[in-house]
Amino acid sequence: MKDKRLLRINICILVITVALSLTALLIDVEQIGFLGVAIGGLLAFVYFLTLSILISKAFGGAGEEGIEPKVAGRLGLKLLLLTFGLAIITIIVILTRLCQPFGFLIGFSALFGSIAFETMAYLAFSKPQTESENEATDNN
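Residues numbered from 1 in each chain as written. Predicted model: local features only at pLDDT ≥ 70, side-chain atom pairs only at ≥ 80, totals over all residues. Heavy atoms only, no water.

Draft legend 1. View of the packing of helix α1 (residues 4-27) against helix α2 (residues 34-60). Running from N to C, α1 and α2 cross one another at 175 degrees; their axes reach a closest spacing of 8 Å. The orientation of α1 with respect to α2, classified from their angle, is roughly antiparallel. Taking contact as the criterion, the partners of Leu6, Ile9, Asn10, Ile13, Leu14, Thr17, Leu20, Ser21, Ala24 and Leu25 in α1 are, on α2, Phe34, Val37, Ala38, Gly41, Leu42, Ala44, Phe45, Phe48, Leu49, Ser52 and Ser56. Tallied by class, the residues present in the contact of α1 with α2 amount to 15 nonpolar, 6 polar and no charged. (Axes fitted to C-alpha atoms, helices over the stretch in contact; angles between N-to-C directions. Helix = DSSP H or I, 4+ residues; strand = E, 2+ residues; numbered from the N terminus. Parallel < 35°, antiparallel > 145°, perpendicular 65-115°, else oblique. Contact = heavy atoms within 4.5 Å. Nonpolar A, V, L, I, M, F, W, Y, C, P; charged D, E, K, R; others polar.)

Draft legend 2. Looking closely at a positive patch on the surface. On the surface, Lys57, Lys70, Arg74 and Lys78 cluster together to form a positively charged patch. Counting residues per element, the positive patch draws most heavily on helix α3 (residues 69-95), at 3 residues. (Patch = residues over 30% accessible without salt bridge, like charges linked within 9 Å, V, L, I, M, F, W, Y side chains within 5 Å. Areas by Shrake-Rupley, 256 points an atom, 1.4 Å probe, with all protein chains shown as cover. Salt bridge = Lys/Arg side-chain N within 4 Å of Asp/Glu carboxyl O. Lys, Arg positive; Asp, Glu negative; His and termini not counted. Charge placed at Lys NZ, Arg CZ, Asp CG, Glu CD.)

Draft legend 3. Examining the pattern of salt bridges more closely. Under the criterion given, the structure shown has 1 salt bridge. Its salt-bridge partner being Glu118, residue Arg8 comes within 2.9 Å of it at the nearest N-O pair. Within this pair, whereas Arg8 is found in helix α1, its partner Glu118 is found in helix α4 (residues 101-125), the two being separated by 110 residues in sequence. Here Arg8 falls in the partly exposed class, since its relative accessible area comes to 42%. When its relative accessible area of 11% is taken as the criterion, Glu118 is described as buried. (Buried < 20%, exposed > 50% of the residue type's maximum accessible area, 1.4 Å probe, protein only.)

Draft legend 4. Spotlight on the packing of aromatic side chains. Inspection of the entire model under this criterion finds 2 aromatic pairs. Arranged with centres 6.1 Å apart and planes meeting at 15 degrees, the rings of Phe104 and Phe108 form a pair that is stacked. Note that Phe104 and Phe108 are positioned in helix α4 at a spacing of 4 residues, about one turn of the helix. Take Phe104: its relative accessible area is 4%, and that puts it in the buried class. (Phe/Tyr/Trp six-rings, centres within 6.5 Å; stacked < 30°, edge-to-face > 60°.)

Draft legend 5. Highlighting the nonpolar core. Ranked by size, the top nonpolar core spans 22 residues in total, and within it Ile13, Phe48, Phe104, Phe108 and Leu111 carry the most contacts. Mapped onto this core, the elements with two or more residues apiece are α1, α2, α3 and α4. The biggest single contributor to this core is α2, with 8 residues. The residues contacting Leu111, other than those within four sequence positions of it, are Ile13, Ala44 and Phe48. (Core = buried A, V, L, I, M, F, W, Y, C linked by side-chain atoms within 4.5 Å.)

Draft legend 6. Seen up close, a nonpolar patch on the surface. Together, Val18, Leu22, Leu25, Phe34, Leu35 and Leu98 give the surface a local cluster of nonpolar side chains, amounting to about 540 Å² of exposed area. Among the secondary structure elements, those contributing two or more residues to the nonpolar patch are α1 and α2. With 3 residues, α1 is the largest single contributor of residues to the nonpolar patch.

Draft legend 7. How the structure looks around the environment of Leu22. Topologically, Leu22 is positioned in helix α1. Classification of Leu22 as partly exposed rests on a relative accessible area of 46%. Between the alpha carbons of Leu22 and Ala38 there is a distance of 9.0 Å; along the sequence they are 16 residues apart.

See the structure below:
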């Protein structure tokens, strides 16, 4: 995975999962539970990491024309299987009462929180496009 933003999102998912899990352990509410938060966060991490790797590999060698239809079909099938796999694992975890549904949702929300944090960091600390373009023309 070459994109540093995707790597930061994956790391942030783990950090948020640990923070949420420790918070769930400290407040000790039966409807949430430490295990549910941890399982939800880890599943979100695995899902996003796998998704990041698939997308990076698929579009890493793409040119201006995009990716070939055959490669696009395989990518679509892999994404479909990944999504169905996530749904099946989620259903199994909830139905076997391995964890509480609210805890699972709280843990899985680490995915969305980390994307939001990375977006805010990008907006706050990146250079505006006009400045970057002006610097590039000044250097030439």
